[in-house]
Amino acid sequence: MMVVMTPDATPAQIEAVVERLEAAGVHAKVMPGELTTAIGAIGDPEGVREMGLEGLPGVDQVIPISRPYKLASSELSHHEPTTFEVDGRRVGGGETFCLIAGPCTVESAEQTREVARVVAAAGASMLRGGAFKPRTSPFSFQGLGLEGLEILADVRAETGLPVVSEMTSASVADRFADAVDVIQVGARNMQNYGLLEVVGKLDKPVLLKRGLSSTLDELLMAADYVLKEGNERVILCERGIRTFDTAMRFTLDVGAVPWLKLHTHLPVIVDPSHASGDRRLVGPLSRAAAAAGADGIIVEVHPDPEVALCDGPQQLFAADFEGFAREVEAHAGLLGRRLA
Ligand code: PEP
Ligand code: MN
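Residues numbered from 1 in each chain as written. Chains lettered and ligands numbered in written order. Predicted model: local features only at pLDDT ≥ 70, side-chain atom pairs only at ≥ 80, totals over all residues. Heavy atoms only, no water.

**Student:** It is not clear to me how the state of the cysteines should be interpreted in this structure. Could you clarify?
**Tutor:** Simply put, disulfide is the name for a covalent bond between the sulfur atoms of two cysteines. If you walk through the whole model with that rule in mind, you get zero disulfides. In this structure Cys-98 is a free cysteine whose sulfur lies 12 Å from that of Cys-237, the closest cysteine sulfur available. (Disulfide = S-S within 2.5 Å.)

And the structure:
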């Protein structure tokens, strides 16, 4: 339910509503708007209806919210699209396009540094790189772990690029909070609710990837787990889903971009690398994402993908990145966006 306050409601009246809700075990989220403040009441709708909040001073109306996701819903947001900065790079808000690029996996300081220099020179907004890799087989390379995080922190200091990296376990949360600028929750962990609550508490932007077989409703409910911890800086990522078609690694759901734009206030980016599994498709899919209104993309780049320890076939050659970036930038420009 959403409690809409009157335009002249006082802070004390707003607080009184919040206290009533919380005393009844209902999660209350205050959303100040330009004219009025709304309070999201997340809990049993029948219970909230029976509380008689309409009678309280300063309350205008109590409106049901029909969607299964609450805090992520554009119905509830009651404000402009969520936008925030990551070290000066604006995410969301419709004016910028985030070009996040880097190796699938941090393999060495040299490899990471080389890619970072190339993507920084081409105007990338952030550097990606996995230190902890969620591999399908336990016998595949699992990433350099904490050593990888140190390499990322060094390269961040050298290049000034903010770093995005995936956290696969809550046990390393403190290290991530220090070493990276955006914490990625991978597709395989989208419904790891305990992990979502931990990243929700870290006071860092979160890049939440859509699960391999997750619906968009499920993605938004997963985002609710982070948002309910008070962390509003969540970026959603469409990264391809499983369908009947096995021609590509996954099927990129481009429609997810405009659908999410309608149903949530959160920024939306696309990962064409994992979606396609094929570097020849990464350019067209990146341009499609930009033209469909995505707030950015996250792509894999390697100095020599043929010897990459993970995801070689989909990583762009670093030497091709400049040309790739210019084409993506032009497509983002079609919607009036510039690189963040
Ligand atoms: C990644 O971005 O490194 C990754 C493993 O992606 P996903 O979780 O989408 O498979
Ligand atoms: Mn990868």
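**Student:** Would you explain unusual backbone geometry in this entry?
**Tutor:** The phi angle of most residues is negative, glycine excepted, and most peptide bonds adopt the trans form. The residue Asp-87 is not glycine, and still its phi comes out positive at about 50°. Its place among the elements puts Asp-87 in the loop between strand E5 (84-86) and strand E6 (89-91). Its identity is not glycine, yet Asp-311 carries a phi of approximately 60°, on the positive side. Following the sequence through the fold, Asp-311 ends up in the loop between strand E14 (296-302) and strand E15 (316-317). For Asp-311, a relative accessible area of 17% gives the class buried. (Helix = DSSP H or I, 4+ residues; strand = E, 2+ residues; numbered from the N terminus. Buried < 20%, exposed > 50% of the residue type's maximum accessible area, 1.4 Å probe, protein only.)

**Student:** Looking at this structure, I do not really get the domain arrangement of the protein chain. What am I missing?
**Tutor:** Reports often express the size of an interface as the amount of accessible area lost when the parts come together. Split by domain assignment, the protein chain resolves into domain 1 (2-63) and domain 2 (84-339). Averaged C-alpha coordinates put domain 1 and domain 2 at centres separated by 36 Å. (Domains from an automatic or database assignment.)

**Student:** Could you clarify how one ought to interpret the packing of helix H4 (residues 109-121) against helix H5 (residues 146-159) in this entry?
**Tutor:** When two helices pack together, their arrangement is given by the angle between the helix axes and the distance between those axes. Where H4 contacts H5, the axes come no closer than 10 Å and their chain directions differ by 35°. Considering the relative orientation of H4 and H5, their crossing is right-handed. From H4, Ala-109, Thr-112, Arg-113 and Ala-116 reach across to H5, where they touch Ile-151, Leu-152, Val-155, Glu-158 and Thr-159. Classifying every residue of the contact of H4 with H5 by side-chain character gives five nonpolar, two polar and two charged. (Axes fitted to C-alpha atoms, helices over the stretch in contact; angles between N-to-C directions. Left-handed = near helix turned anticlockwise from the far one by under 90°. Contact = heavy atoms within 4.5 Å. Nonpolar A, V, L, I, M, F, W, Y, C, P; charged D, E, K, R; others polar.)

**Student:** Whenever I open this one, the pattern of salt bridges confuses me. Can you help?
**Tutor:** A side chain of one charge can pair with a side chain of the opposite charge when the charged atoms of the two come close. Taken as a whole and assessed by the stated rule, the structure comprises 22 salt bridges. Of the charged contacts, one joins Asp-271 and Lys-209 as a salt bridge, the two residues approaching to 2.6 Å between their closest N and O atoms. Taken as a pair, Asp-271 in the loop between strand E13 (268-270) and helix H10 (272-276) and Lys-209 in strand E11 (residues 206-209) lie far apart in primary sequence, 62 residues in all. Pair check on accessibility: Asp-271 and Lys-209 agree, each one buried. When the shortest N-O distance is used, the salt bridge between Lys-261 and Asp-295 registers 2.4 Å. Pair noted here: Lys-261 is in helix H9 (residues 256-263) and Asp-295 is in the loop between helix H11 (279-291) and E14, with a separation of 34 residues, a long-range link. The class for Asp-295 is buried, based on a relative accessible area of 1%. Connected through salt bridges with shared partners, the residues Glu-197, Lys-201, Lys-228 and Glu-229 form a single ionic network. (Salt bridge = Lys/Arg side-chain N within 4 Å of Asp/Glu carboxyl O.)

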